[in-house]
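As a plain string of letters, each chain reads:
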Amino acid sequence: MATPREHVEEIRINKFSIGREDNPLTEDLHHAVKHLSTELYTKDVHFLMELIQNAEDNEYPPNVEPSLEFVITTRDVTGVGASATLLVFNNELGFTKRNIESLCSIGRSTKKGKRQGGYIGEKGIGFKSVFLITKQPYIFSSGYKIRFNEIPPPGTKIGYIVPEWIDEKPSIEDLEEVYGCELPNTTIMLPLRPEKVDAVKEQLANIHPEVILFMSKIRKLSVRDYNEDSALNRVNAIRVSRETECRTTKNEHSQSFILHLSAQENEKMENECTYYMWRQCFPVQEQSRIEERKDMDKWVITLAFPFEERLNRAENKIASGIYAFLPTEMISGFPFIIQADFLLVSSRESIIFDNKWNQGILDCIPSAFCSAFISLLCSVQSAPPMSRAHLFKYLPIDIPSCLELRRVRDAIQAQLKQEEVILCETQDAYCMPKEARRILPAFRDILDNASKNGLESPSALWSTGVFIVHSCMEEDQFLRVLQFLGVGFVPYQWYSQCILSSSGWVADLSEDLYVQLLCFLSQYWEKGISTSLQNFPLFKFVNDRNRVDWASLSDISNGHKQYFSSEVEHISWLARWSGEFGHVANFKFMPDSTQMAMRNLDNQGLSRLRVWLNHYPQITELSVSSFSKQLVEQAKVSKSSKFVVTVTQFVYFSYTNNHIDWRYFQTLCSDLPTLDDSGCIFRNPKAKLVPASISKWAKLFESNPWAKHGLVALSRAYLKPPRAYGLKGEDDLELFIRNDLGAVDIPFLRPLDVAMPGLSSPLEKEKVFLLLEWIQHLTVNDQTLPDVFKRSIAEGRWLRTHKGYQSPRVSFLFNSEWQSTGFQLKDLPFIANSFYGKPMDDFKRALQHMGVVVEFGKGCDLINEHLQMHKDMQVITRLYKYLHRFHWKPIDSNPVKIWIPLHGGLGGEWKYSKLCVVHDDNGLFHNRLEILDNFYEEALLPFFSSYLGVSLHPKIEDYCSLWLNWVSTGHQVSAGECCSIWRNILKHWTSSSEKIKRCLRKGPLRLPAYASIEAIQLSAPNETFIPDDLKLKEMFTRASARPKFAWHPNPSDPEIPLDSLFSTYIHLGAQNISQATEKSDISISSNISLRKVPAGKGMVKVGLYRIILAYLAHPSFKLSPDKRHQIVSTLVESTVYEAAEPFTIEYSLSLPAENGEAETVKARTTSLVRWEKNEGRILIHISDAHNQKENMSLATDLAAVISAGLLSNYPDLVAGLCEMVKIGCILGFDDDAVNYMLQCKNFQMFVEDKSFLASHFPEVNESFLPSKQLRGFYGCSSGGRKSISSPAKPMKSTGYFSVDCPKRWEKNLFSLKQAIIDVEESTSDSVKKKLVRLLFPLATGDIEQLNNCLLKLIGDAHLKILIILEALGGNEISGTVPLKLDNILCSPELKNHLGGSEKTEQISSSSPSSSGKDEVDVETLKAAVGAMVLNFYGKEGEQQKI
């Protein structure tokens, strides 16, 4: 027989051809092994389950406890450099040759066909799954020392299944050191892949303790660590400790036993769980047979019922519920474990549900469970009911998430409903769920508690033919079980039968159980219980003999009313007083004990019971408050005075004993009827007074003054309560009456809003102090005094003062402050402290509320009332100083009167403030107003003006009124008076002009004026003239005495500006003399001698025009250059003549009618200048007398005429120009003087104005013209020729000029300036042509201006032709020419040279003037010009020159 080593060598040679020729099948075999190993198992746990499964399938020696041990160590026992190695130790018999050959093959498992023999492996490659965690597994067993390698060894291409013999490592000694003793028969060494170390450790740590629960051989499984440091070693062990109570049924198809499984982790205490194991065999149905199990004839199903909590580890997830010998990862949701020979998916995670083999097993599980559950119940038949009830925890109540398992649950439920599994009350018997009935928990509690108290249960529990579920099954933990089995409740009529069936059972119940019974009935009364209990004596009450009695629903509905207290603390209180008022109302209360028992209920139960008692039996809930309310209501209709007092006492005692709260007590007291001292009962008194015998109010008033207003004085009967209730004397009752019943007395009495009697006459001292004490108390407590009450006290004349008995509101409280300021007791009605015997300061607050002035600074209004009662100047002055000190000011708008003493200090008169003023500086109003500074010291004067509304000075209305008075009385107004009046009018005119006008128009308005005499006359406004022209004033003053000219102060007054005064006169109707007159020129004689003066000579010089143009150019006038030039042109175009005589002028002044006839006053004067614009001539008379007056007269007349003539449309500008022209004329219009004057007055001439002036006056001197370099720009030359003005705007260029560009335009202008200067110094054609080239584009903006410029600047046709050629020159122009050249082509000068040629006519007819267009055809124009040039020069050579 070959040795193990020879056997291995034989396999290598014969099977894998090592050392022989290659077998072509070896490569395919290698790939098949690799594919199967990686695809079949996809998770790291598979290899572990396969090793455990192999260990279960192994054979073991007799008398040996089959065990399997996993050891993971960091020692590299195999010598391959592994960081960790997994060692597997198994005490089996060892590997056989056939086992070795199976490991070296694929699909040749030694377990095939041996499922009947208890083998659980079936995949055929179980061991090969270790390649998932190792590259080289080692096996030492039965003399074999081999390893396998995923890498094909030398000599072959096959990996995984080729064995290699091991000679050296691992050594037996190393393994025994790790194991700790002699090695078992089989040792497997797995050097772990580095990436699999953590996963393997985790799987080993999570091996579930129940993994060996259904193994028939393995009895112990352990996992431990081996480290060099022994302190780090851990040990986990699982062991089947014992099996007991094994029972087999008669037909030997089922078996039950008890299995004890223990688990220990490290050195912790061992955990153990006991399982009731039920194993039952079922024949395999034909429709469920499959090829993989063709040799199987029965299904063996094992159910495990854990008695305790299932073994588990903290790291484990929920334990598996389905086993296929080893645990799957399925969670069934059942409270028991299922083991059967299920077919699993390749990953062992779950069973294959769509497999008919597995489906047949699942169909048998309900039957196995029911058999197991009934057997389990029978096994504990002698146990207490509660112990048996706990077995129902194994029922699959929860619904699984898996549909197939849900069907299993439903089948178990259906089968159990047909079994007698429900424990009943009847002799501990079992019944089917459909026969059993439950009792509502509340009634069950009553029965159980009554039974505990020794009462027999009602016979209805057994006699009604209903199986009642045992009480132990009614606990909360079994409610879902009963629902799962479909156990229902008894009908509601059963409860009433139960109550009626046992006579006296209800009466024997304790108070607590009786109340619980009432609660139960209240909850289910409407469900049908009430129908049989109408006449049953169910309700307790205390009868008139103070004994407990019973009443039925029928009794209560027939008027036997019952009540119970709503509050536990009121129960005995109501019972105590119910006897007192039994004759008033028929109150029947529940016994105290019953009511106390009701208070033991929870809030919800008590609330429900209260509602039910009030609604159905109509047993009314009654509180002390409601009881009191009923008593009060009866007292309100009662006529018994004793009953009224007794009810009041009950209410009071209920309050003092805290049975009713203060707010409700106050409500009851307000509803209580009141017994007064005359024996009358009042239903709703407004207030209550303490009995008169103990009151202060009776000392102030002889009788109750408020009786008719509803204020009741209590009867003395309230002071005599029964002694049985704790009050022993009137003192205690007085406190009750005052503090609780609400009876009040002075000073606590809140007064009614009625007048107090007896206050219209003086009061005795004692009554005064009672009244003051009363008011003082009310005010200190911030109580508002009613108006009528307060007014009757404040206005009653009962208070003694130093001015007799006065009302408080007109009285004062004297103190040191009054005295220190000089006041005397006689000055005001001060309270007479000496009369009352003590200072009244103690009642200051009360006196203040009654209107007495108690503070020194608070009496202004009252002093003002007293003020006009005095006629003593000293007293009045003291009072005024008081008012002034505290800045008193009248509140209302009523006029204030002021004391005006007579001169000499004897007597006086109170006059309104509007008739007074503080000062009259001008002394005008002494007969019209009272001047206060004549009577009062200066310190008081600001008080009159600031607080009493007295004007500090006469108002403008006063001045206007005084003026009208003078007008109406014919008063001769002096200059001083006139100044005073009009000074104030002007002062207020700006802010009050309309007011002044209204005031002055209240009478005939007159203005101060002068006529031919110096005395001031008062003249109507339309007859008064403002002397704005003194010359006219002098003329008309000489001509007539009638014209009146407005007065003005002379000498002048700075406060009366003349312009403001005259402006005011004008607003009031006066006229300026210059505007009121009409001017007319007297025609000059035809024989007058006139001499023409050359332009720019004589009086109308260039300097005059410069002044005019500079003046008009001022920016504020906003006159454009064209407008300025247009204005000046009228003067430029006029011819100046010198006349031998001056010119006569007549002025007319129309005056209003006097004595029925209007009058026109005329005055004549002479003028040295006249401008006849229509004739275009200016006439000037120059006197032979050369003196300053004549010079001034001439300057004045010239300036006036010129200014008025030029600016007739701008009258506002005439005066300014007139003044400047006058100065210029006096200066002889000297250029330097004019320049200086313009500079001083901030006027200047602009370039366009200078150009305009130069164009009309060629002789303008060099100092006026611009610099030589700029003359061309201004359009003038030193030769006197007039040049073109600046163009309106640049236009599109012609030829080579680009006038669109601003920079080039500026360059052209500069060149033009220089060319204009040069052309004056040379007559050559080249220079002229240069000028034309520069001038032409400049002038294209305005054709008319160009024509004028050419006609004035250029005198020969030769240059005109050059201009035309320039316009047409070169090739830079085409199409049409945007010029109006007809004025040039058809000018008289050109026609003389060209004659009437055909070409000229053609050009003329083509020009824009004849065609109406702004354009000329270029070709036509070129042909015409060529013909014109030939005609003009006559020679071809000249043409070429051109």
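The numbers attached to residues start from 1 for each chain and follow its sequence in the written order. Residue-level local features of this predicted model are given only where pLDDT is at least 70; pairs of side-chain atoms are given and counted only at 80 or more, and the full residue set underlies all totals for whole chains, interfaces and linings. Based on all heavy atoms of the structure, the side-chain values leave hydrogens and waters out of the count.

Thoughts on the overall build of the protein chain
To be explicit about the condition: A run of H or I in DSSP counts as a helix once it spans at least four residues, and a run of E counts as a strand once it spans at least two, with each numbered from the N terminus. Contact definition: two residues touch when any of their heavy atoms are within 4.5 Å. Note on areas: Shrake-Rupley with a 1.4 Å probe; residue coverage comes only from the protein chains shown.
Looking only at helices and strands, one finds 54 helices and 48 strands in the protein chain. For the protein chain, the proportion of contacts with a sequence separation of at least 24, taken over those separated by at least 6, is 66%. For the protein chain, the exposed surface amounts to about 70400 Å²; the carbon and sulfur share of it is 48%.

Some words on the environment of Trp357
By the secondary structure assignment, Trp357 is in helix 7 (residues 356-379). Expressed as a C-alpha distance, the spacing of Trp357 and Arg293, which sit 64 residues apart in the sequence, is 8.4 Å.

As for the pattern of salt bridges
So the rule is basically this: Definition used for salt bridges: Asp or Glu carboxyl oxygen within 4 Å of a side-chain nitrogen of Lys or Arg. Relative accessible area decides the class of each residue, using a 1.4 Å probe on protein chains only: under 20% of the type maximum gives buried, over 50% gives exposed, and in between gives partly exposed.
This model, assessed by the stated rule, comprises 38 salt bridges. Arg75 is paired through a salt bridge with Glu177; the nearest N and O atoms lie 3.0 Å apart. In this pair, Arg75 sits in the loop between strand 1 (67-73) and strand 2 (85-90) while Glu177 sits in helix 5 (residues 172-179), placing the two residues 102 residues apart along the sequence. For Arg75, a relative accessible area of 17% gives the class buried. Among the residues examined, Glu177 registers a relative accessible area of 45% and is labelled partly exposed. In this structure, the salt-bridge partner of Arg1038 is Glu1034, at a minimum N-O distance of 2.8 Å. Taken together, the positions of Arg1038 and Glu1034, both in helix 35 (residues 1030-1039) and 4 residues apart, correspond to about one turn of that helix. Take Arg1038: its relative accessible area is 59%, and that puts it in the exposed class.

Observations concerning the nonpolar core
Basically, it comes down to this: The term nonpolar core refers to a set of buried residues drawn from Ala, Val, Leu, Ile, Met, Phe, Trp, Tyr and Cys, joined through side-chain atoms within 4.5 Å.
Within the largest apolar cluster, 73 residues are counted, with the highest numbers of intra-cluster contacts made by Trp706, Ile737, Leu772, Trp774, Ile793, Trp798 and Leu847. Residue contributions to this core peak at 9 residues, all from helix 21 (residues 641-656). When near neighbours in sequence (up to four residues on either side) are disregarded, Ile793 contacts Met756, Leu759, Leu771, Ile775, Trp798, Pro808 and Met850.

Looking at the environment of Glu59
Note that Glu59 resides in the loop between helix 3 (45-57) and strand 1. The spatial distance from the C-alpha of Glu59 to the C-alpha of Phe95 is 9.7 Å, given a sequence separation of 36 residues.

Side note on the environment of Phe325
Within the secondary structure, Phe325 is located in the loop between strand 12 (322-324) and strand 13 (326-327). Note on Phe325: relative accessible area 21%, which makes it partly exposed. Separated by 112 residues in sequence, Phe325 and Leu213 place their C-alpha atoms 8.4 Å apart.

Comments concerning the side chain of Ser695
Test applied: Definition of a polar contact: a pair of N or O atoms within 3.5 Å, with one able to donate and the other able to accept a hydrogen when the atoms are protein atoms, and with sequence-neighbouring residues admitted only if both atoms are side-chain atoms.
By secondary structure assignment, the location of Ser695 is in the loop between strand 26 (687-689) and helix 23 (697-700). A polar side-chain atom of Ser695 sits 3.2 Å from a polar atom in the side chain of Trp697. Within the local environment of Ser695, its side chain forms a polar contact with the backbone nitrogen of Ala698, the two atoms lying 3.4 Å apart.

Let's talk about the sheet that holds strand 46 (residues 1177-1181)
Condition: Any two strands between which DSSP finds at least two bridges are classified as paired. Axes here refer to lines fitted to C-alpha atoms; in helices the fit is confined to the stretch in contact. Angles between the N-to-C directions go from 0 to 180 degrees.
Across the sheet, which stays open at both edges, the 4 strands sit in the order 41-42-46-45 with mixed pairing between neighbours. The open sheet has two free edges, formed respectively by strand 41 (1090-1093) and strand 45 (1169-1172), since each of these has just one partner strand. With direction set aside, neighbouring strand axes in the sheet form an average angle of 25 degrees. As defined by bridge partners, strand 41 adjoins strand 42 (residues 1135-1139) across 4 bridges and the pair is classed as antiparallel.

A few points about the sheet that holds strand 35 (residues 1007-1010)
The mixed open sheet is built from 5 strands, whose spatial order is 36-35-38-37-39. Of all the strands in the sheet, just strand 36 (1017-1019) and strand 39 (1071-1072) have a single pairing partner and so form its edges. Bridging between strand 37 (residues 1024-1026) and strand 38 (residues 1044-1046) involves 2 bridges; their strand directions are parallel. When the bridges of strand 38 are listed, Thr1024 appears paired with Lys1044.

A few points about unusual backbone geometry
A cis geometry characterises the amide bond from Lys169 onward to Pro170, with omega recorded as -5 degrees. Inspection of the secondary structure puts Pro170 in the loop between strand 5 (164-165) and helix 5. Asn1050 connects to Pro1051 through a cis peptide bond whose omega is 10 degrees. Tracing the chain through its elements places Pro1051 in the loop between strand 38 and helix 36 (1058-1067). Despite not being glycine, Phe1229 shows a phi value in the positive range, around 55 degrees. Inspection of the secondary structure assignment puts Phe1229 in the loop between helix 41 (1214-1226) and helix 42 (1231-1240).

Observations concerning the packing of helix 33 (residues 956-969) against helix 34 (residues 975-1000)
Which entries qualify depends on this criterion: Working rule for angles: under 35 degrees goes down as roughly parallel, over 145 as roughly antiparallel, 65 to 115 as roughly perpendicular, anything else as oblique. Crossings are classed by handedness, with left-handed meaning an anticlockwise turn of the near helix from the far one by less than a right angle and right-handed meaning a clockwise turn. Three classes are used: nonpolar for Ala, Val, Leu, Ile, Met, Phe, Trp, Tyr, Cys and Pro, charged for Asp, Glu, Lys and Arg, and polar for all others, with Gly counted as polar.
In contact at an axis separation of 8 Å, helix 33 and helix 34 are set at 110 degrees when each is read in the N-to-C sense. When the interaxial angle is binned, helix 33 and helix 34 end up roughly perpendicular. Both helix 33 and helix 34 take part in a crossing whose hand is left-handed. Every residue of helix 34 that contacts helix 33 at Ile956, Glu957, Tyr959, Cys960, Leu962, Trp963, Leu964 and Trp966 is listed here: Glu977, Cys978, Ser980, Ile981, Trp982, Asn984, Ile985, His988, Lys995, Ile996, Cys999 and Leu1000. For the contact of helix 33 with helix 34, a count of residues per class yields 14 nonpolar, 3 polar and 3 charged.

Overview of the packing of aromatic side chains
This is how it is decided: Aromatic pairing here means that ring centres of Phe, Tyr or Trp (its six-membered ring) are within 6.5 Å. Orientation follows from the plane angle: under 30 degrees is stacked, over 60 is edge-to-face, and everything else is tilted. To sit over a ring, a charge needs its Lys NZ or Arg CZ within 6 Å of the ring centre and within 35 degrees of the ring normal.
For the structure on display, the rule yields 61 aromatic pairs. When the ring of Phe89 is compared with that of Tyr179, the centres are 4.4 Å apart and the planes differ by 40 degrees; the resulting orientation is tilted. Linking Phe89 in strand 2 with Tyr179 in helix 5, this pair joins segments that are 90 residues apart in sequence. Lying across the ring of Trp1171, Lys1173 places its NZ or CZ 5.2 Å from the centre.

Some details on helix 38 (residues 1102-1112)
Counted residue by residue, helix 38 has 11 buried out of 11 residues, so it is predominantly covered. Of all the positions in helix 38, only Val1102, Gly1103, Leu1104, Tyr1105, Arg1106, Ile1107, Ile1108, Leu1109, Ala1110, Tyr1111 and Leu1112 are classed as buried. Here the buried face of helix 38 lies against helix 39 (1121-1132), helix 40 (1188-1206), helix 41, helix 42 and helix 43 (1247-1256).

Comments concerning the side chain of Ser792
Positionally, Ser792 belongs in helix 26 (residues 787-795). A polar side-chain atom of Ser792 sits 2.7 Å from the main-chain carbonyl oxygen of Phe789. Non-local contacts of Ser792, meaning those with residues more than four positions away in its chain, are made with Val754, Ala755, Met756 and Leu759.

As for the confidence of the model for the protein chain
Parts of the model with low pLDDT should not have their predicted coordinates read in detail. Filter applied, for reference: Every residue gets a pLDDT, meaning the predictor's confidence in that residue, from 0 to 100.
Here the protein chain averages 80 in pLDDT, while 80% of its residues score no lower than 70. Under a pLDDT of 50 for its full length, residues 1366-1416 has, in the predicted model, 87 contacts with residues more than four places off or in other chains.

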